[in-house]
Amino acid sequence: MNEKYDLIVIGAGPGGYVGAIRAAQRGLKAAVIEKDKPGGVCLNIGCIPSKSLIHESNNFRLIPSLKELGVKIDAEEFDYRKVFERSRKAADTLSKGVDYLLKKNGIELIKGIATLKDSSTVLIDGDRELTARNILLATGSHPRQIPGFEFDHKQILSSDDALMLTKLPKSICILGGGAIGVEFAHIFNAFGVDVHIVEMLGHLVPLEDDDIAAELQKSFSKRGIHIHTLSKATTLKKTKTRCKITIENVEKNQETLSVDQVLVVVGRVPNTGKLGLENSGIQTDKGFIPVGDYYQTCSTGVFAVGDVVASPMLAHVASKEAQIAVEFMAGDNPQKWLDSNHIPSAVYCEPQIASFGLTEKQAKESGIPFKKATFPYRGVGKSVAVGSPEGMVKIIFDDKYKEILGCHLVGADATEIIHELLLAKKSELLPEDIASMVHAHPTLSEAVMESMRAVEGWAVHV
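The paragraphs below set out a description of the structure included in this document. (Residues numbered from 1 in each chain as written. Predicted model: local features only at pLDDT ≥ 70, side-chain atom pairs only at ≥ 80, totals over all residues. Heavy atoms only, no water.)

### Focus on the overall build of the protein
Logical step 1: Of the regular secondary structure elements, the protein holds 14 helices and 22 strands.
Logical step 2: Taken over the C-alpha trace, the protein has a radius of gyration of 24 Å; the compact-globule value for 462 residues is 23 Å, and the two agree within 12%.
Logical step 3: Viewed in the frame of its principal axes, the protein has a C-alpha envelope of about 70 × 60 × 50 Å.
Logical step 4: Out of the 462 residues belonging to the protein, those deemed buried represent 49%.
Logical step 5: Nonlocal contacts in the protein, meaning residues at least 24 apart in sequence, comprise 63% of its contacts between residues at least 6 apart.
Logical step 6: For the protein, the exposed surface amounts to about 22,000 Å²; the carbon and sulfur share of it is 52%.
Logical step 7: The average position of the 53 basic charges and that of the 58 acidic charges among the side chains of the protein differ by 4 Å. (Helix = DSSP H or I, 4+ residues; strand = E, 2+ residues; numbered from the N terminus. Rg over C-alpha atoms; globule rule 2.2 N^0.38 Å. Buried < 20%, exposed > 50% of the residue type's maximum accessible area, 1.4 Å probe, protein only. Contact = heavy atoms within 4.5 Å. Areas by Shrake-Rupley, 256 points an atom, 1.4 Å probe, with all protein chains shown as cover. Lys, Arg positive; Asp, Glu negative; His and termini not counted. Charge placed at Lys NZ, Arg CZ, Asp CG, Glu CD.)

### Some remarks on the state of the cysteines
Each disulfide is one covalent bond, formed between the sulfur atoms of two cysteines.
Logical step 1: The tally for this structure, following the rule as stated, stands at one disulfide.
Logical step 2: The residue that forms a disulfide with Cys 42 is Cys 47, at a sulfur-sulfur distance of 2.5 Å. Residues Cys 42 and Cys 47 share a disulfide whose torsion about the S-S bond is about -130°; that sign makes it left-handed.
Logical step 3: Given a relative accessible area of 16%, Cys 42 falls into the buried group.
Logical step 4: For the unlinked cysteine Cys 243, the closest cysteine sulfur is that of Cys 173, found at 9.2 Å.
Logical step 5: Judged by its relative accessible area of 0%, Cys 243 is buried. (Disulfide = S-S within 2.5 Å.)

### A word on the packing of helix 1 (residues 16-25) against helix 5 (residues 80-104)
In a packed pair of helices, the relevant descriptors are the angle between the two axes and the axis-to-axis distance.
Logical step 1: Helix 5 packs onto helix 1 with a crossing angle of 20° between their chain directions and a minimal axis gap of 10 Å. By the angle class used here, helix 1 and helix 5 are roughly parallel. Where helix 1 crosses over helix 5, the two elements pack in a sense that is left-handed. The residues of helix 5 that touch helix 1, namely those facing Tyr 17, Ala 20 and Ile 21, are Val 98, Leu 101 and Leu 102. (Axes fitted to C-alpha atoms, helices over the stretch in contact; angles between N-to-C directions. Parallel < 35°, antiparallel > 145°, perpendicular 65-115°, else oblique. Left-handed = near helix turned anticlockwise from the far one by under 90°.)

### Comments concerning the nonpolar core
Nonpolar side chains in soluble globular proteins tend to end up buried together.
Logical step 1: Ile 174, Phe 188, Val 195, Phe 220 and Leu 263 are the most contacted members of the largest nonpolar core, which has 34 residues in total.
Logical step 2: Of all the secondary-structure elements, those providing two or more residues to this core are helix 3 (47-60), helix 5, helix 6 (159-163), strand 9 (171-175), helix 7 (179-190), strand 10 (194-198) and helix 8 (210-222).
Logical step 3: With five residues, the top contributor of residues to this core is helix 7.
Logical step 4: Leaving out residues up to four positions away in the same chain, Phe 188 has contacts with Ala 162, Leu 165, Leu 168, Pro 169, Ile 172, Ile 174, Val 193, Val 195 and Leu 263. (Core = buried A, V, L, I, M, F, W, Y, C linked by side-chain atoms within 4.5 Å.)

### A word on empty space enclosed by the protein
Logical step 1: Using the criterion set out here, one finds one cavity of 30 Å³ or more in the structure.
Logical step 2: Estimated volume of the largest cavity: approximately 50 Å³.
Logical step 3: In this structure, the largest cavity is lined by Pro 143, Arg 144, Ser 159, Ile 180, Val 264, Val 265, Val 266, Gly 267 and Arg 268.
Logical step 4: Broken down by class, the residue content of the lining of the largest cavity amounts to five nonpolar, two polar and two charged. (1 Å grid on protein atoms, 1.4 Å probe; cavity = no way out; pocket = protein on both sides within 12 Å on 5 of 7 lines; lining within 4 Å. Points joined across faces, edges and corners; volume = space filled by probe spheres on them. Nonpolar A, V, L, I, M, F, W, Y, C, P; charged D, E, K, R; others polar.)

### Side note on the side chain of Ser 141
Logical step 1: One can find Ser 141 in strand 7 (residues 141-143).
Logical step 2: Among the polar contacts listed, one links the side chain of Ser 141 to the side chain of Asp 307, at a separation of 2.6 Å.
Logical step 3: Beyond its immediate stretch of four places on either side in the chain, Ser 141 contacts Val 41, Arg 268, Val 269, Pro 270, Asn 271, Asp 307 and Met 313. (Polar contact = N/O pair within 3.5 Å; in protein donor to acceptor, adjacent residues only side chain to side chain.)

### As for the side chain of His 203
Logical step 1: In this structure, His 203 sits in the loop between strand 10 and helix 8.
Logical step 2: Take His 203: its relative accessible area is 15%, and that puts it in the buried class.
Logical step 3: Among the polar contacts made by the side chain of His 203, one reaches the side chain of Asp 210 at a distance of 2.8 Å.
Logical step 4: Beyond its immediate sequence surroundings of up to four residues, His 203 is in contact with Glu 208, Asp 210, Ala 213, Gln 217 and Thr 229.

Set out below in structure tokens:
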């Protein structure tokens with residue numbers, strides 16, 4: 001039996017389920033095919049459970065300050081399994097929530113493995129056949145492996161494995177100092193694990209502004225996290241209980257680390273290999289699906305969003321791309337592309353990092369005449385009052401017109417605060433508009449106001 005739809009979505013992650021719901025809102029009959037739980041990697045083994053672990057690690061780090069107040073805390077009975085269980089409860093609750101949302105919007109959720117038969121036909125588990133006017137590919141990605149450090153899921157871990165740990169190691173080496181690496185470093189260090197981070201580039205979170213990364217690196221070093229930048233892991237020797245890793249820096253100096261486990265977080269690979277793309281004439285580029293306006297592939301009626309296309313591998317990017325694609329299918333006139341300068345980046349370690357737009361280095365490389373302004377977190381009263389004075393706001397702006405080119409934050413609640421700045425950018429506001437706007441006192445957002453005053457040359461609290 002051939003079942004017909006307006007839209008078939010392959011993958012129920014933040015791109016897939018959001019796209020399906022938007023389609024239903026626009027009156028399209030949609031079905032979602034998912035081989036696992038609704039919510040995808042982000043909700044089940046990514047964003048959500050990791051943020052639960054981070055929340056509990058932040059709570060654990062409060063113990064010393066509570067002791068200073070005379071509170072007696074006995075952590076001898078601490079059981080990390082309880083932390084793990086809370087993270088799974090959060091993920092399971094939200095996965096069921098996605099299931100509910102799909103049902104509420106009249107969207108059929110089909111469990112199975114989908115492959116393209118052609119540009120309008122999908123096979124489920126090789127036999128059930130569905131057809132649709134449009135197909136949306138949103139199958140996400142999986143952790144990248146590196147030769148010599150392949151996952152064994154016991155000693156050599158992927159990010160998926162790390163989220164499923166019920167017992168912490170005494171020591172760990174994290175290969176990769178990007179967003180995922182520093183978030184896990186924060187979690188492990190907070191719970192007393194001896195942490196090493198090995199990063200090939202010049203600083204942690206290499207996609208972020210240099211000054212912001214330097215603040216994070218300084219904070220991590222104070223906490224006792226061992227940071228090895230401009231270095232790479234070259235060899236691995238395993239025993240039943242230990243991993244010995246040789247790392248080499250750019251000067252060819254070598255060092256051997258002996259740890260309980262190794263976490264490899266050096267990027268992710270798009271899930272495109274078994275989709276049957278060749279049956280609809282689609283060829284990948286380094287695993288990614290090429291797309292044009294509105295995220296259309298070269299095959300009429302087939303669209304692709306999220307981690308399977310060459311855009312930032314972020315859940316909110318996948319959701320927005322799916323919205324654009326589906327609104328186009330419905331006959332609307334959405335923007336053709338998600339503007340990369342309007343995409344917020346968020347790293348949830350402590351201190352948090354958030355940013356959008358050009359870094360200082362990128363501004364220099366672009367040749368745009370620009371200036372920068374910074375304001376330290378400790379310059380606003382609340383940061384000191386709540387014991388979070390670490391951090392800064394950095395603004396990159398056009399030298400002539402003062403247009404905001406990029407904003408970068410490191411500090412408490414940075415991932416929430418960034419949106420005031422992003423709204424200003426999207427609304428084409430100028431620094432003077434924020435500088436002159438009354439901000440509640442005391443709030444951390446006053447650092448945003450003061451940074452814009454710094455652009456105008458009249459920051460008060462510095």
